[in-house]
Amino acid sequence: MIKYTQIFQGTAFTSTSPKEVEVLTNYLFCINADGIIEKIVAPSDADYQPLLDAYEGKENFHRLAEGQYFLPGFVDLHVHAPQWAQSGTALDIPLYDWLNTYTFPIEAKFSDLDFAKDVYQDVVSTLLANGTTTALYFATVHKEASLLLAEICAEKGQRGLVGKVVMDDAEQNPTFYRDASTQTALADTEEFILAVKELAKSTKQGVYPVVTPRFIPSCTDDALKGLGELASKHDTYVQSHCSESDWAHGYVQDRFGKNDAFALHDFGLLSDKSVMAHCNFLDDDDADLFAKTGTAVCHCPISNAYFANSVVPIAHLQSKGVEIGLGSDISGGFSPSLFDNVRQAVMSSRMLEDGVNTALPAAERGVQNSRITINEAFYLATAGGGESLSLPIGRLAQNYTWDVQIIDTKLATAKLPIFDAQEDLHDIFQKIMYLARPENIREVWIQGEKVHARK
Ligand SMILES: [Zn+2]
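(A) Here's a closer look at the pairing of strand β11 (residues 237-242). The buried fraction of β11 amounts to 6 of the 6 residues, a majority that puts the element mostly inside the structure. The two faces of β11 match: Y237, Q239 and H241 on one face and V238, S240 and C242 on the other face are all buried. With 2 bridges joining them, strand β10 (residues 207-213) and β11 adopt parallel strand pairing. Note that in β11 the partner of V210 across the bridge is Y237. Running through helix α6 (residues 221-234), the crossover from β10 to the neighbouring parallel element β11 is right-handed.

(B) Highlighting a negative patch on the surface. A cluster of like negative charges, contributed by D112, D114, D118 and D122, occupies part of the molecular surface. A relative accessible area of 40% places D122 in the partly exposed class.

(C) Main features of the domain arrangement of the chain. The assigned domain composition of the chain is domain 1 (6-72 + 394-453) and domain 2 (74-389). Here the C-alpha centroids of domain 1 and domain 2 sit 30 Å apart. With 35 residues of domain 1 at the contact, the number on the domain 2 side is 26 residues. By the criterion of area lost to domain 2, the three top residues of domain 1 are P18, M433 and Y434, representing 24% of everything that side buries. At the boundary of domain 1 with domain 2, the tally comes to 4 salt bridges. Linking K204 and E449 is a salt bridge whose minimum nitrogen-to-oxygen distance equals 2.7 Å. Across the contact surface, domain 1 and domain 2 share 12 residue pairs in polar contact (both at pLDDT 80 or more). Elements with a minimum of two residues in the side of domain 1 that touches domain 2: β1 (6-15), β5 (68-72), β15 (404-408), α16 (425-435), β16 (441-446) and β17 (449-453). The leading source of residues in the side of domain 1 that touches domain 2 is α16, at 6 residues. Grouping the constituent residues of the side of domain 1 that touches domain 2 by class yields 19 nonpolar, 10 polar and 6 charged.

(D) Fine view of helix α3 (residues 113-129). Helix length check: α3, at 17 residues, gives a terminal C-alpha distance of 24 Å against a target of 24 Å (1.5 Å per residue), a fit within 8%. Turning to α3, its buried residues are F115, A116, V119, Y120, V123, V124, T126, L127, L128 and A129. Tucked inside the fold, the buried residues of α3 contact β6 (74-80), α2 (95-108), β7 (132-138), α4 (143-156), β16 and β17. For α3, the side-chain oxygen to backbone nitrogen distance between the N-cap and D114 is 2.9 Å, and the N-cap itself is D112. G131 occupies a position one or two residues after α3 and carries a positive phi of about 90°.

(E) Summary view of the packing of aromatic side chains. Counted under the stated rule, the structure contains 22 aromatic pairs. Measuring from centroid to centroid gives 6.4 Å for Y306 and F334, while their planes differ by 80°, and the two rings are edge-to-face. Of this pair, Y306 sits in helix α10 (residues 301-307) while F334 sits in the loop between β14 (323-326) and α12 (338-354), and the two are 28 residues apart along the sequence. Residue Y306 is classed as partly exposed on the basis of its relative accessible area, which comes to 37%. Taken together through their ring pairs, the aromatic side chains of F8, F29, F70, W402 and W445 make up a single cluster. Sitting above the plane of the F115 ring, K109 keeps its charged end 4.5 Å from the centroid. The cationic tip of K273 hangs over the ring face of Y237; the distance from NZ or CZ to the ring centre is 5.1 Å.

(F) Broad picture of the environment of Q368. With respect to the helices, strands and loops of the structure, Q368 is situated in the loop between α13 (362-365) and α14 (374-381). Note on Q368: relative accessible area 66%, which makes it exposed. With 36 residues separating them in the primary sequence, Q368 and V404 have C-alpha atoms 35 Å apart.

(G) Broad picture of the coordination of the zinc ion. Ligation of the zinc ion by protein atoms is provided by H78 (NE2), H80 (NE2), H241 (NE2) and D329 (OD), these donors lying 2.1 to 2.8 Å from the ion. Taken together, the 4 donor atoms coordinating the zinc ion and their angles of 81 to 172° define a geometry best described as irregular. We note that the donor set of the zinc ion lies within a single chain, spaced as H-x1-H-x160-H-x87-D. Here H241 lies in strand β11 and H78 lies in strand β6, a separation of 163 residues in the sequence. When its relative accessible area of 1% is taken as the criterion, H78 is described as buried. The exposure class of H241 is buried, given its relative accessible area of 7%.

(H) Representation of the nonpolar core in the model. Ranked by size, the top nonpolar core spans 88 residues in total, and within it Y137, F290 and I432 carry the most contacts. At 8 residues, the largest contribution of residues to this core is made by α3. Three or more residues apiece are contributed to this core by two domains, here domain 1 (6-72 + 394-453) and domain 2 (74-389). Aside from chain neighbours lying at most four places away, what touches F290 is C242, A261, L270, M276, C279, L282, T295, A296, V297 and V322. One finds F8, L24, Y27 and I406 within the second-largest nonpolar core, a separate group that totals 16 residues.

(I) Main features of the packing of α12 against α14. Taken N-terminus to C-terminus, the directions of α12 and α14 make an angle of 135°; their axes are 9 Å apart at the nearest point. Between α12 and α14, the angle falls in the class oblique. Of the two possible hands of crossing, α12 and α14 adopt the one that is right-handed. Residues L338, V342, A345 and V346 of α12 pack against I374, A377, F378 and A381 of α14. Among the residues forming the contact of α12 with α14, the class breakdown is 8 nonpolar, no polar and no charged.

(J) Quick peek at the pairing of strand β2 (residues 21-31). Of the pairings in the sheet, the one linking β1 to β2 comprises 9 bridges and is antiparallel in character. Paired with T14 across the two strands is E22, which belongs to β2. Counted along the chain from β1 to the antiparallel partner β2, the turn is 5 residues long. Linking β2 to strand β3 (residues 37-41), which pair antiparallel, is a turn of 5 residues; within it G35 sits at a positive phi near 80°.

About the thresholds
- Residues numbered from 1 in each chain as written.
- Predicted model: local features only at pLDDT ≥ 70, side-chain atom pairs only at ≥ 80, totals over all residues.
- Heavy atoms only, no water.
- Buried < 20%, exposed > 50% of the residue type's maximum accessible area, 1.4 Å probe, protein only.
- Helix = DSSP H or I, 4+ residues; strand = E, 2+ residues; numbered from the N terminus.
- Pairing = 2+ DSSP bridges.
- Right-handed = clockwise from strand over helix to strand, strands pointing away.
- Patch = residues over 30% accessible without salt bridge, like charges linked within 9 Å, V, L, I, M, F, W, Y side chains within 5 Å.
- Areas by Shrake-Rupley, 256 points an atom, 1.4 Å probe, with all protein chains shown as cover.
- Salt bridge = Lys/Arg side-chain N within 4 Å of Asp/Glu carboxyl O.
- Lys, Arg positive; Asp, Glu negative; His and termini not counted.
- Charge placed at Lys NZ, Arg CZ, Asp CG, Glu CD.
- Domains from an automatic or database assignment.
- Contact = heavy atoms within 4.5 Å.
- Buried area = accessible area lost by both parts, 1.4 Å probe.
- Polar contact = N/O pair within 3.5 Å; in protein donor to acceptor, adjacent residues only side chain to side chain.
- Nonpolar A, V, L, I, M, F, W, Y, C, P; charged D, E, K, R; others polar.
- Expected span 1.5 Å × (residues − 1).
- Phe/Tyr/Trp six-rings, centres within 6.5 Å; stacked < 30°, edge-to-face > 60°.
- Lys NZ or Arg CZ within 6 Å of the ring centre and 35° of its normal.
- Donors = N, O, S within 2.8 Å, 3.2 Å for Na, K, Ca; no water.
- Tetrahedral: all angles 85-135°; square planar, octahedral: opposite > 155°, others 65-115°.
- Core = buried A, V, L, I, M, F, W, Y, C linked by side-chain atoms within 4.5 Å.
- Axes fitted to C-alpha atoms, helices over the stretch in contact; angles between N-to-C directions.
- Parallel < 35°, antiparallel > 145°, perpendicular 65-115°, else oblique.
- Left-handed = near helix turned anticlockwise from the far one by under 90°.

Listed below in structure tokens is the structure:
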């Protein structure tokens, strides 16, 4: 019999399509030394009992207790790691003012590596405790502190994709917080890319450098062009913000006479490895361009309620064939939990469909066919995130990584309202998605390694 590194037995929920969640009842998950799910075995399969006989009782055999379930780890496609230090504050002012009076001053403090270490260790641990196994991070303009974030991800076992932020335009950025020049911005980015690639060689779960123009308004044309060339030269991920608010969308129109999507494309920044945050104001041509280039949209529903002046038509973008994942957008979004963002994604889509202005007749109030279900929002947080990054993550399926969260529905201090031992498992799934709190997440595993356990 093949030797597996670990075997897990229990009931799991995983997406098989954007609309469907499959329940794998009491399956065996066989994990190899690379942390990959080598085999999934149903109780009706011939080798189920032989595997149980061979592994049960051994140290590498893990059986879930009653009331516990496996979920895939979450993929958070948009986190500003330094902004964790101001999470929950100043959410009642517009984006432009929020950036200049709160966010840039806090990000400027990350020239201090001691401060950076405190915040970055805490944000990575907090995301792990919330079930986030892969995160796509903006750091700050500082090369050293950005590398420190990648090192902390590597050390704590999280799959981190990290970008040194570029904001080089002297006219648009405050003197206390920007790249010294376009040349240094590009040179620092290239050094950062090489350093993270080196770090990745000794990191089981993977860490990845990400080319990160903050957004078009903060970058010169030369920087945007240079970053597109670096992304292509080193075959890296790219992240930025795209058509987020009326102001940001209008700014790019004024500067280039075209929408963000086409402007980013002109600079070589849209590819299968690109993830663009928000994208509230994409028109159909922009969406087609995203689908054609393989660029993913990161939906940040909590943040959007504060800063985006709108609700993204997620169902419409899906129908256009655009890849979509979910993001917390700490700290434009206050919550480090993708559970919270899954819930908000569903609620925002319902409000988009029904509309909100009671002065209008019902038929004119909303945008038809906009609602998404809890299954679809779960898909965005898991499989959709994996597809956006083109990595084998976000599903509990053969050849995917063993990235899971173990949810305990019977925890005394955070018990879910399940009273019928025979309750339909799809209903239990919905209760978990709507009601689970961080306490319910008992363990988190990434690439076959336990990275978080709640005492
Ligand atoms: Zn953002």
